[in-house]
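# Observations on chain architecture
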Amino acid sequence: MSDNDTPDKDATEQPQDQPEGKAEQPVAPRSRSRTTGTRTAGARSGGTRAAGGRAAAGRTEPVAEESAPAPAEAAPETAAAARAAGPRRAGQTFEGLGSLRQAMAQATRPTPAPAAVPILATLPEDVQPKRDAFGRSYATGKRKNAVARVWIRPGNGKIEVNGRDSPVYFARPVLRMLLNQPFVVTDRLGQFDVWCTVSGGGLSGQAGAVRHGISKALTYYEPGLRPVLKHGGFLTRDSRVVERKKYGKHKARRRPQYSKR
């Protein structure tokens, strides 16, 4: 192949629509396509590849054309910096998520309702105290099989049961505590003397009967104390009694021992 054929090939490869002045630069079309590709890639990646493509192609363009796409190239860099700084926000940290969970838990947690204040029934104004000629109030108390007759009057807190002092008759401290419960609830401890007679049952039932009688006598002597005693359950006769024995059993429910042989 001769050297004269080489220019003819270049001439045939050169596009016919190009001007004659640019026919001497056979690399120009190829560099333009590369420059266009680098421009597109540069617009996507931040403009760094576009500058490299222009330097490789060796093109010389006016300064005004190079400065024109600068704002477009600066925007991706700003977006990339914002994306880099995005994961460092306080809302996406573990502490932020923990506080968010706590806030959601508090929002879903039911608010505790305030403690309800017991509403005590009010007595009519025409209710009059019941007292005898000696200034005493009488009431009958019952518990199990015990029945107590109780009289109360203002005094220094002395309690006499069947002619004996309460510490002597009720030796157990628990039983003496039962007698003082109505006075403690109504804030009248040590202000009344009690005289009572009790019969039937044992000491536990008798102590409950005396307490029931004292509570009723307090409502007769001072009717304003009834709501407090009623709310505490001191005016209700305790209906619990011993279950009766059944025929064929040793006790109320105790059956005879079973023997197979």
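Each value, and the rule that gives it
- Residues numbered from 1 in each chain as written.
- Predicted model: local features only at pLDDT ≥ 70, side-chain atom pairs only at ≥ 80, totals over all residues.
- Heavy atoms only, no water.
- Helix = DSSP H or I, 4+ residues; strand = E, 2+ residues; numbered from the N terminus.
- Buried < 20%, exposed > 50% of the residue type's maximum accessible area, 1.4 Å probe, protein only.
- Polar contact = N/O pair within 3.5 Å; in protein donor to acceptor, adjacent residues only side chain to side chain.
- Salt bridge = Lys/Arg side-chain N within 4 Å of Asp/Glu carboxyl O.
- pLDDT = per-residue confidence, 0-100.
- Contact = heavy atoms within 4.5 Å.
- Pairing = 2+ DSSP bridges.
- Axes fitted to C-alpha atoms, helices over the stretch in contact; angles between N-to-C directions.

### Quick look at the side chain of Arg188
With respect to the secondary-structure elements, Arg188 resides in the loop between helix H8 (173-185) and strand E5 (192-199). Note on Arg188: relative accessible area 19%, which makes it buried. Polar contacts involving the side chain of Arg188 include one to the side chain of Glu222, which spans 2.8 Å.

### A look at the pattern of salt bridges
Scanning all chains against the criterion turns up six salt bridges. Note that Arg136 is salt-bridged to Asp132, the shortest N-O span being 3.1 Å. One salt bridge connects Arg240 with Asp238, and the closest N-O pair in it is separated by 2.8 Å. Residues participating in the shared-partner salt-bridge network are Arg143, Asp238 and Arg240.

### Points about the confidence of the model for the protein
With 56% of its residues at a pLDDT of at least 70, the protein reaches an overall mean of 75. For the stretch residues 9-13, pLDDT sits under 50, and the model shows one contact to residues farther than four places along the chain or on other chains. Scored below 50 in pLDDT, residues 60-72 makes four contacts in the model with residues more than four places away or belonging to other chains.

### Observations regarding the sheet that holds strand E3 (residues 159-161)
Spatially, the five strands line up as an open sheet ordered E1-E2-E5-E3-E4, and their pairing is mixed. The open sheet has two edge strands with one neighbour each: strand E1 (137-143) and strand E4 (164-165). For E3 and E4, the ladder comprises two bridges, and the chain directions are antiparallel. By the bridge assignment, Val161 is partnered in E4 with Arg164. Packed onto the sheet, helix H9 (residues 203-221) meets E1, strand E2 (146-154) and E5 and runs at close to 145° relative to E1.

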